[in-house]
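Coordinate analysis (summary)
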Amino acid sequence: MRVRTRGYWLYLIPSLLLFAAVIVVPFLMNVGASFTRWSGVGTPRWIGLDNYARLLEDERFWESFQHNVGLIVAMAVVPTAIGLVLAAALFDYIGKRFGPRTASALRAMYYLPQVLPVAVAGVVWGWMLHPSYGAVNQILGLDLDWLGDPDLALATVMAVMVWFQLGYPVVIFMAGLQRVDPAYHEAAEIDGASWWRRFWHITIPQIRPEIFVVLLTCTIAALKVFGPIFVLTRGGPGNATMVPSYFSYLNFFQKSNVGYGSAIATVLALIIIVVTFLFLRVQERES
Amino acid sequence: MRGPGRWAVLFALVVLAVVMIFPFLVVAMNAVKSPAEYSSQGPLSLPDGLYLQGIVDFWNRVEFGTKLWNSFLISASVSVLAVVLSVLNAYALGIGRVRGRLWILVLFLVANTLPQEALAYPLYYLAKAAGLYDTQLAVIIVMTAIQAAFGTYLLSAVLGQFPKEILEAAAIDGAGRLRSLLRIVVPISRPTLSVLLIFFFIWTWNEFFLPLIFLISNDTQTVPVALGVLQGEKYMDATMSSASALLGIVPAVAFFLIFQRTLTRGVTVGAIK
């Protein structure tokens with residue numbers, strides 16, 4: 001058996017070489033740089049854990065993670081909750097009473113923002129929310145600086161991200177609902193269970209795997225979020241919408257604090273890896 | 001719920017759908033207004049006619065044709081290369097069941113979930129050292145690795161269930177491994193491979209962070225990078241901004257319409273596997 005499988009290694013060689021060059025070595029270099037003071041030119045100076053010690057005391061760093069929590073709510077929690085109701089409503093209400101075509105047309109409209117490059121979504125909303133000529137102020141009859149007011153900026157970015165993200169759970173959950181045996185619903189309906197009860201006790205337990213995948217992928221996406229922040233606010237005003245990814249970018253490319261930026265990026269990477277493994281562990285235990 | 005109740009549900013869902021596509025409509029409406037019409041009528045009026053000068057001006061100013069070509073070149077190269085690598089890897093892991101495959105799969109999974117920020121500066125540094133900085137090739141190489149990580153993870157699961165009998169029959173007929181791969185595994189898995197190809201294309205097209213770091217000159221930038229960087233430039237007035245947004249939207253929506261059936265099937269394949 002070992003002889004038979006040995007030859008297959010050859011097929012992995014191109015990828016392993018590419019991975020070593022593009023992922024493993026750069027990641028290790030990044031970790032290495034996080035222990036140094038380095039401006040990007042000249043020789044990095046070893047300073048041990050100083051960057052990490054500085055991180056712990058840096059208010060901007062902690063704030064950026066708090067904003068990340070807000071973005072997890074906006075990109076994972078809220079879209080999952082709304083997506084569940086929408087998918088169930090489209091699948092076993094609209095689909096059954098108004099025909100599957102109506103349901104899939106509505107689904108396509110909810111999904112449309114998801115096809116945009118996230119940077120383009122940012123351009124669209126930057127324009128819609130512009131304080132002097134934006135459409136949103138005109139419609140609401142308000143005169144707010146949605147992205148420029150420190151008290152509003154994070155909430156505005158969160159709302160944009162709900163809009164951007166919503167279609168993804170709807171599509172995934174509707175596909176998942178097709179696996180649910182209609183016999184459960186029919187039996188419950190005969191027993192007189194209301195739509196909400198069936199939704200809560202049949203629909204949700206049945207599509208648990210999908211809910212898990214959506215929460216995991218969207219949480220990771222929220223931890224990594226960069227494009228919308230870059231396009232909409234550049235982390236501002238002040239630090240009102242600063243997130244770790246943009247904070248590390250700033251340190252790398254604008255402040256020439258490569259060592260410090262590397263420390264931020266390393267912490268972010270560790271958090272994402274831990275979150276991934278936690279999710280996978282819980283998922284394993286559940287099934 | 002019967003009678004008026006069901007119409008209420010439909011109405012609520014339609015209102016939400018209109019809210020979702022409203023920004024697209026407003027952008028399209030204003031991209032075809034002249035600045036004069038915009039300033040007198042505001043953003044919510046229907047356009048009087050088709051004024052395309054704003055779009056043409058923006059197109060010429062940013063050389064949008066070049067941006068489209070760069071995006072296409074990068075996305076097409078990455079999608080083909082990443083599918084090839086994914087197939088080779090998944091052949092070894094899913095069918096060949098090489099030793100240590102679980103660890104190799106974990107490596108690919110971690111590679112796919114790592115934030116690009118944790119690779120960005122070394123990649124930037126290495127690209128400069130290798131003379132690849134500000135070339136499309138640099139983005140192609142890096143994105144190929146990242147997409148192939150996901151593709152390997154997905155395809156290994158799919159090929160793990162590949163019917164062994166077919167491969168054994170081929171081996172008895174004297175087919176070597178490479179021959180079995182090219183003549184049997186690839187043709188039979190073609191539907192999955194085409195889903196992957198489309199996904200890689202669109203994901204690469206939409207990518208922002210790495211292209212932003214690598215591509216700084218006008219001749220190399222992609223569509224999302226150019227639009228993202230220009231946002232907030234002084235010469236971007238209201239109509240030109242909406243023209244730029246429209247030019248970003250059109251290719252993305254075109255891909256969506258062209259690939260819609262494969263995609264909606266594929267989104268769910270990717271999520272469950």
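No experiment lies behind these values; they were computed from the predicted model shown. (Residues numbered from 1 in each chain as written. Chains lettered and ligands numbered in written order. Predicted model: local features only at pLDDT ≥ 70, side-chain atom pairs only at ≥ 80, totals over all residues.)

A word on the overall build of chain A. When you go through chain A residue by residue, the secondary structure sums to 15 helices and two strands. Dimensions along the principal axes, computed over C-alpha positions, put chain A at roughly 75 × 75 × 30 Å. Buried positions account for 46% of the 287 residues belonging to chain A. (Helix = DSSP H or I, 4+ residues; strand = E, 2+ residues; numbered from the N terminus. Buried ≥ 20, exposed ≤ 12 C-beta atoms within 10 Å, placed from the backbone.)

Here we take up the overall build of chain B. Scanning chain B from N- to C-terminus turns up 13 helices and zero strands. Its helices and strands in sequence order give chain B the pattern α-α-α-α-α-α-α-α-α-α-α-α-α, from N to C terminus. A compact globule built from 273 residues should have a C-alpha radius of gyration of about 19 Å, whereas chain B, at 24 Å, is more than 25% larger. By its C-alpha atoms, chain B is 80 × 65 × 30 Å across when sized along the principal axes. For chain B, with 273 residues in total, the buried portion stands at 45%. In chain B, of all internal contacts separated by at least 6 residues, the share reaching a separation of at least 24 is 79%. (Rg over C-alpha atoms; globule rule 2.2 N^0.38 Å. Contact = placed C-beta atoms within 7 Å.)

As a further point, take the packing of helix 14 (residues 244–253) of chain A against helix 15 (residues 258–286) of chain A. Residues and elements named next belong to chain A. Viewed as axis vectors pointing N to C, helix 14 and helix 15 meet at an angle of 160 degrees, and their least axial separation amounts to 7 Å. Compared by their axis directions, helix 14 and helix 15 come out roughly antiparallel. Considering how the two elements wind past one another, helix 14 and helix 15 form a crossing that is left-handed. In contact with P244, S245, F247, S248, N251 and F252 of helix 14, helix 15 contributes V258, Y260, G261, I264, A265 and L268. (Axes fitted to C-alpha atoms, helices over the stretch in contact; angles between N-to-C directions. Parallel < 35°, antiparallel > 145°, perpendicular 65-115°, else oblique. Left-handed = near helix turned anticlockwise from the far one by under 90°.)

With respect to the secondary-structure elements, A:L49 resides in the loop between strand 2 (45–46) and helix 3 (50–57). With 12 C-beta atoms packed within 10 Å, A:L49 lands in the exposed category.

Residues and elements named next belong to chain B. In this fold, A36 is placed in helix 2 (residues 35–41). On the neighbour-count criterion, A36 (10 C-beta atoms within 10 Å) is exposed. In the structure, A36 is positioned 203 residues away from T239 in sequence and 9.6 Å away in space, judged by C-alpha atoms.

Okay, the domain arrangement of chain B next. Residues and elements named next belong to chain B. Looking at chain B, the domain boundaries give domain 1 (4–41) and domain 2 (63–272). One C-alpha centre belongs to domain 1, the other to domain 2; they are set 33 Å apart. Counting residues at the interface gives eight residues for domain 1, matched by eight residues for domain 2. Breaking the side of domain 1 that touches domain 2 down by element, the ones donating at least two residues are helix 1 (4–31) and helix 2. Partitioned by chemical class, the residues of the side of domain 1 that touches domain 2 number six nonpolar, one polar and one charged. (Domains from an automatic or database assignment. Nonpolar A, V, L, I, M, F, W, Y, C, P; charged D, E, K, R; others polar.)

Counting residues at the interface gives 65 residues for chain B, matched by 71 residues for chain A. Among the elements that line the side of chain B that touches chain A, the one with the most residues is helix 13 (residues 238–272) of chain B, at 16 residues. Of the residues assigned to the side of chain B that touches chain A, the class counts are 47 nonpolar, 13 polar and five charged.

Let's shift gears to helix 3 (residues 53–62) of chain B. Residues and elements named next belong to chain B. Of all the residues in helix 3, the buried ones are G54, I55, F58 and V62. Taken end-on, helix 3 shows its buried residues confined to a sector of 100 degrees, consistent with a single buried face. Exposed side chains of helix 3 directed beyond 90 degrees from the buried face belong to V56 and N60. Positive backbone phi, at 50 degrees, marks E63, one or two positions downstream of helix 3. (Arc of directions from axis to C-beta.)

Let us look at unusual backbone geometry. Glycine aside, a negative phi is what most residues show, and trans is what most peptide bonds show. Residue and element names in this part refer to chain B. Not every positive phi belongs to a glycine, and R97 is a case in point at roughly 45 degrees. Its location among the elements puts R97 in the loop between helix 4 (64–95) and helix 5 (101–113). Overall, the presence of 14 C-beta atoms within 10 Å leaves R97 in the partly exposed class.

Let us now look at the packing of helix 6 (residues 118–128) of chain A against helix 12 (residues 223–230) of chain B. Between helix 6 of chain A and helix 12 of chain B, whose axes approach to 8 Å, the crossing angle comes to 30 degrees. Between helix 6 of chain A and helix 12 of chain B, the angle is such that the two are roughly parallel. The handedness of the crossing between helix 6 of chain A and helix 12 of chain B comes out as left-handed. Between helix 6 of chain A, through A:A119, A:V120, A:G122 and A:V123, and helix 12 of chain B, the contact on the second element is made entirely by B:P224, B:L227 and B:G228.

This part takes up the confidence of the model for chain B. Scored by pLDDT, chain B comes out at a mean of 86, with 94% of its residues at no less than 70. Scored by ipTM, the complex comes to 0.86, with pTM at 0.89. (pLDDT = per-residue confidence, 0-100.)

Counting 160 residues, the largest nonpolar core has A:V120 and B:V142 as the members making the most contacts within it. The element that contributes the greatest number of residues to this core is helix 7 (residues 136–159) of chain B, accounting for 15 residues. If you count residues domain by domain, this core takes at least three from each of domain 1 (4–41) and domain 2 (63–272) of chain B. Leave out the neighbours within four places in its chain, and A:V120 touches B:P224, B:L227, B:A245, B:G248, B:I249 and B:A252. (Core = buried A, V, L, I, M, F, W, Y, C linked by C-beta atoms within 7 Å.)

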